[in-house]
Amino acid sequence: MHQGTSGSARSEARKDVDTPFWNWTPDDTMAATGGNAGGLAEQEAQARLHRFGPNVLKDDRGPGPARLLARQFASPLVLILVFGAVVSLLVRDLMDAGIIIVIVVGSTLLGFYQEYRASAAVLQLRQRLALTCRVRRDGAWRAVPAREVVPGDVFEVAAGNLIPADGLILEARDFLVSEASLTGESFPVEKTPGVLPADTPMARRSNAVFVGSSVRSGTATVLAVRTGAATAYGAVAARLRARPPETDFARGIRRFGYLLVRVMIGVVLFVLIVNYLLHRPFIDSLLFAVALAVGISPELLPAIMSVTLAAGARDMARRGVIVRHLESIENFGGIDILCTDKTGTLTLGVVALDDAVDPDGTASNEVRRLAFVNAVLQTGIENPLDAAIVAEGKARELSPGDWRKIDEIPYDFLRKRLTIVVAEGAAGSRLMITKGAFDHVLPVCTTVRRGTSEAPLDREAHDALGEFYRRKSVEGFRVLALATRELPTRDRYARDDEAQMCFAGFLLFFDPPKPGVDQTLRNLAASGISTKIISGDNGYVTAHLAAAIGLDASSMLTGAEIARMKEEALWHLAPRTALFVDVDPQQKERIVRALQHEGHSVGYLGDGINDAPALHAADVGISVDGAVDVARESADLILLERDLDVLCEGVQGGRRTFANTLKYISISISANFGNMVSMALATPFLPYLPMLAKQILLNNFLTDLPAVTISTDNVDPEQTAIAQRWRVRDLRRFMILFGLISSVFDVVTFSVLLLAMHADERTFQTAWFVISVLTELVVLLVLRTARSSFASRPGRMLLWTVVATAALALALPYAGELGRAFGFARPGWPVAALAVAVTIGYVVATEAGKRWFYRR
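Now for a look at the structure at hand. (Residues numbered from 1 in each chain as written. Predicted model: local features only at pLDDT ≥ 70, side-chain atom pairs only at ≥ 80, totals over all residues. Heavy atoms only, no water.)

**Re the side chain of Thr 419**
This is how it is decided: Runs of H or I in DSSP of at least four residues are treated as helices and runs of E of at least two as strands, each being numbered from the N terminus. Exposure classes here rest on a 1.4 Å probe applied to the protein chains alone. A residue is buried below 20% of its type maximum, exposed above 50%, and partly exposed in between. Whenever two N or O atoms come within 3.5 Å, that pair is a polar contact, provided that in protein one can donate a hydrogen and the other can accept it, and provided that, for residues adjacent in sequence, both atoms are side-chain atoms. Two residues form a contact once any of their heavy atoms are found within 4.5 Å.
Within the secondary structure layout, Thr 419 lies in strand β12 (residues 417-424). A residue is classified by how much of its surface remains accessible, and Thr 419, at 0% relative accessible area, is buried. One polar contact links Thr 419 to Thr 434, side chain to side chain, over a distance of 2.7 Å. Sequence-distant contacts of Thr 419, that is, excluding residues within four places in its chain, are made with Asn 374, Asp 407, Glu 408, Ile 409, Met 432, Ile 433, Thr 434 and Glu 498.

This is the structure we're talking about:
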């Protein structure tokens, strides 16, 4: 067997491969790539994988440990701290510089550890969904990860597969490929072997396939020529590097950042100006201002978000939902409309052929046999209807017998028909067997089968067939039509031959509603999510199912009606419609975009080739584990089971994740804001700084420790009852209200310490440090819920972390050299009594403010 080319030959081959390979014969291409029809040897394939790299546009394994650690130090907040440490070193304040460095290292290592764990968890989940490809290695076909395909590999693709590499077609059968992402052409194009001019444009390279496209029907054997970033799609991606659309959650984070910057600049400038006017040392004032800037910012936010999202992804994986894109978790919790097909989601998904009947509605073995031959010989899109026909036929011991396949006209979403041309025996006459949607088969028929003869398809017969179709559809059957035509002998047949056919009969399928699905839909509705069916089926059978599961069967739009509509009309009608029937893939995408235009967050559940555009357009694309490649790659979430109950639990998981992320942000920013305002206000009236810069940084570090465990916190049911959205205005109101409550108690603390206790500088700073940490920790337990604090139980890990951190803060002033290094004094019992009194009063006032805030 051929073992590949030598190193120098491969180098020359690689140079040649950069020329237009669609201008080459298969033999030329194999010579250039070092491949052959029997496939590469496994050892050679591994050597090429090492040389050319993995077959990915960009490394999807995420940043390694070194990059993750470096990213922690790239934070602007960390850089501000480093600036403070440098200033301390310049003025030879080695103790302060050391403390700042320790805090920087502690914060960054904490963030690194949490993000590294989160990245590892996400990578493990993604590996469960890795795409595979059938390649020929060592002369045998085998499945390998698509990222391991190399130039020179011979691979095979079929309907529903994504193209794994740019390559030349060696063999093809009824091979239609969608290249919309490369050429903008929405209709599939047929691909066949051949040789084309070198200057052939992308849209006309019918002998080659390219990464970024997907197979709509048929099969092909392809020789891989370019992989990874060397592909045509990789070159486009490298030039554009287009950022993905900004999600609702990312938009909220950005607006929150703008709010932080405004507050930070105002507070820092105020403190610097006041200290300058009071003639205080510039270096101390600068360090104090730097500490204030850091103190108001939740510097662990990236780590907290990564931890919370990764914890949410792991929780959802245990519930049967695999997350492909972490940021989609919040969007998942925010959807208020779910669009879904019915088969397998709202129905059992076990489609069975109930009967095969002639045009009069009488059971017919001949119709059953013709349908079996059509289904068992077709090589296009796998679907449950053909599977049901084949299974039922095999149960009756049917076989194609002497029938041999001559040609196939694959199913597509415009014709909605699948045609097989067969011949009986070596020189038998050609018989075309077509099955498909009734409304698309009947128009190509001119006669109808009556016993062993044909009769004209007149108006009376036409109406009788339509009436039978409607009656069975209303009863809940999926009805397909079957037609035949005898043709002259030739090798190839086309869509134009689907004419002057004889209507042979009906195929009746039944897929009953899934038990309990009506209750699931009510549960979704109770969570603020309305369900809409988007189906390629006719309106009769869809309405029958809708009525059975509690949806409004009269609220319906058909594909024909949508095709005639302007966008403005669809914007108006889509939110008010429950059923969209007989729609094509482009109309599915139009429906999703119309709902989004009206302000809805849309989840779309689909698993077929025709669902890919809508999955990509939706706020959250949801597919299933057994879906075709193109559907899985277009989705954000993958259901391991085709079950709406799993989806319902996933929505709740997304809402819990969002709620816990928002808890950290709102509580942290309000507490820090209060402390910073207090220090800014106290600065003009104190003969010294209210807290040293290193004490502010330590305060911020300690109070952030419990936030790491916030992803494990319990969430109140009312927080997940409806979709939550980012509201920066509400966040600003929350920050101001609870920050000012904190400042009021800080002012009380300052007054008692100065006027009643006559505290000196170190005692004042120590007392305020301890009280500040205690109140911020306690308020975390108060503000984590909109309920009374005693009516909502916090997570166990969060609670014990708060207790441990509080104990550490109380112990630090008594910690000998360590306490003195931070400038602490040993406080007496009056300070302890003040801390207890202020903390209790603060809890009571915050509870009252919380009730007022949420009541408004």
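**Focus: the pattern of salt bridges**
Definition in use: Any Lys or Arg side-chain nitrogen found within 4 Å of a carboxyl oxygen on Asp or Glu counts as a salt bridge.
For the structure shown, the criterion picks out 35 salt bridges. Across the salt bridge formed by Asp 407 and Arg 492, the nearest N and O atoms sit 3.6 Å from each other. Of the two residues, Asp 407 is situated in strand β11 (residues 403-409) and Arg 492 in the loop between β16 (478-487) and β17 (501-510); the sequence distance between them amounts to 85 residues. Residue Glu 454 is joined to Arg 449 by a salt bridge in which the shortest nitrogen-to-oxygen separation is 3.8 Å. One salt-bridge network, in which partners are shared between bridges, spans Glu 42, Arg 137, Asp 138, Arg 142 and Asp 153.

**Describing the packing of aromatic side chains**
Using the following cut-off: Two aromatic rings, drawn from Phe, Tyr or Trp (for Trp, its six-membered ring), form a pair once their centres lie within 6.5 Å of each other, and the interplanar angle then sorts them: stacked below 30 degrees, edge-to-face above 60, tilted otherwise.
By the definition in use, this model includes 19 aromatic pairs. Here the aromatic rings of Tyr 469 and Tyr 540 are separated by 6.1 Å at their centres, their planes lie at 85°, and the arrangement is edge-to-face. With Tyr 469 in helix α16 (residues 459-474) and Tyr 540 in helix α18 (residues 539-549), the pair connects residues that are 71 residues apart, well separated along the chain. Its relative accessible area of 34% is what places Tyr 540 among the partly exposed residues. For the ring pair Phe 750 and Phe 764, a centre distance of 5.4 Å and an interplane angle of 35° mean the geometry is tilted. In this pair, Phe 750 is assigned in helix α26 (residues 728-756) and Phe 764 in helix α27 (residues 761-783), connecting sequence segments 14 residues apart.

**Digging into the environment of Asn 675**
Mapping Asn 675 onto the fold places it in helix α24 (residues 644-682). Sequence separation between Asn 675 and Leu 740 is 65 residues; the distance between their C-alpha atoms is 9.0 Å. Setting aside anything within four residues of it in sequence, one finds Asn 675 in contact with Ser 742, Asp 746, Trp 768, Ser 772 and Glu 776.

**Some thoughts on the packing of α27 against helix α30 (residues 829-855)**
For clarity, the cut-off: Axis lines are fitted to C-alpha atoms, over the contacting stretch for helices. Their N-to-C directions set the angle, which ranges from 0 to 180 degrees. The handedness criterion is simple: a crossing whose near helix is rotated anticlockwise from the far helix by less than a right angle is left-handed, and one whose near helix is rotated clockwise is right-handed.
Two elements in contact, α27 and α30, have axes separated by 9 Å at closest approach and are oriented at 35°. The handedness of the crossing between α27 and α30 is right-handed. Contacts between α27 and α30 involve Thr 763, Ala 767, Ile 771, Leu 774, Thr 775, Val 778, Val 779, Val 782 and Leu 783 on the former and, on the latter, Val 831, Leu 834, Ala 835, Val 838, Thr 839, Tyr 842, Val 843, Thr 846, Glu 847 and Lys 850.

**A word on the nonpolar core**
Convention followed: Here, nonpolar core refers to any group of buried Ala, Val, Leu, Ile, Met, Phe, Trp, Tyr and Cys residues whose side-chain atoms link them within 4.5 Å.
Membership of the largest hydrophobic core comes to 51 residues, with the highest contact counts inside it found for Met 679, Leu 698, Phe 764 and Phe 769. Of all elements in the fold, only α24, α25 (693-704), α26, α27, α28 (796-811) and α30 reach the threshold of two or more residues within this core. Within the second largest apolar cluster, 34 residues are counted, among which are Leu 338, Ile 549, Val 620 and Leu 637.

**Let's talk about empty space enclosed by the protein**
Basically, it comes down to this: For each structure, a 1 Å grid was placed over the protein atoms alone; sets of points admitting a 1.4 Å probe that cannot get out are labelled cavities, open sets with protein on both sides within 12 Å along at least five of seven lines are labelled pockets, and lining residues have an atom within 4 Å of a point. Grid points are joined across faces, edges and corners, and a volume is the space filled by probe spheres set on the points. Three classes are used, and their members are as follows: Ala, Val, Leu, Ile, Met, Phe, Trp, Tyr, Cys and Pro are nonpolar, Asp, Glu, Lys and Arg are charged, and the others, Gly among them, are polar.
Applying the stated criterion across every chain yields a total of seven cavities of 30 Å³ or more. If you add up the space inside the largest cavity, you get close to 100 Å³. Along its surface, the largest cavity is lined by Lys 663, Tyr 664, Ile 667, Ser 668, Thr 703, Asp 704, Ala 707, Glu 776, Leu 777 and Leu 780. If one sorts the elements of the lining of the largest cavity by residue count, α24 sits on top with four residues. Taken together, the residues of the lining of the largest cavity sort by class into five nonpolar, two polar and three charged.

**Concerning the environment of Leu 348**
Relative to the assigned elements, Leu 348 resides in the loop between β9 (337-340) and β10 (352-357). Residue class for Leu 348 comes out partly exposed when judged on its relative accessible area of 43%. Along the sequence, Leu 348 and Pro 513 sit 165 residues apart, while their C-alpha atoms lie 5.9 Å from each other. Those residues in contact with Leu 348 that sit more than four places away from it in its chain are Asp 511, Pro 512, Pro 513, Lys 514 and Pro 515.

**Regarding the sheet that holds strand β23 (residues 637-639)**
For clarity, the cut-off: Two strands qualify as a pair provided DSSP detects at least 2 bridges between them.
As summarised here, the arrangement of the eight strands in space is β8-β23-β22-β21-β9-β18-β20-β19, forming an open sheet in which the pairing is mixed. Edge positions in the open sheet fall to β8 (321-323) and β19 (556-558), since each of these has one partner strand only. The average angle at which neighbouring strand axes cross in this sheet is 20°, direction not considered. For strand β21 (residues 602-605) and strand β22 (residues 620-624), the ladder comprises three bridges, and the chain directions are parallel. When the bridges of β22 are listed, Tyr 604 appears paired with Gly 621. Strands β18 (530-534), β19 and β20 (579-581) of the sheet are contacted by α18, whose axis makes an angle of about 155° with β20. Those strands touched by helix α21 (residues 585-597) are β9, β18, β20 and β21, and its axis lies near 160° from that of β21.

**With respect to α30**
Quick reminder of the rule: How far a helix is expected to stretch is found by multiplying one less than its residue total by 1.5 Å.
In a regular helix each residue adds 1.5 Å, so 27 residues correspond to 39 Å; α30 covers 39 Å between its end C-alpha atoms and thus fits that length. Of all the positions in α30, only Val 831, Leu 834, Ala 835, Val 838, Thr 839, Tyr 842, Thr 846, Glu 847, Gly 849, Lys 850 and Phe 853 are classed as buried. The elements touched by buried residues of α30 are α26 and α27.

**Here we look at a nonpolar patch on the surface**
Heads up, the condition is: Residues forming no salt bridge and having over 30% relative accessible area are the ones grouped into patches, like charges within 9 Å of each other and nonpolar side chains (Val, Leu, Ile, Met, Phe, Trp, Tyr) within 5 Å. Each accessible area value is a Shrake-Rupley result obtained with a 1.4 Å probe; residue values ignore everything except the protein chains displayed when judging cover.
On the surface, a nonpolar cluster with roughly 570 Å² of combined accessible area is contributed by Ile 265, Leu 269, Ile 273, Tyr 276 and Leu 277. You can see Tyr 276 is positioned in helix α9 (residues 248-277). Given a relative accessible area of 65%, Tyr 276 falls into the exposed group.

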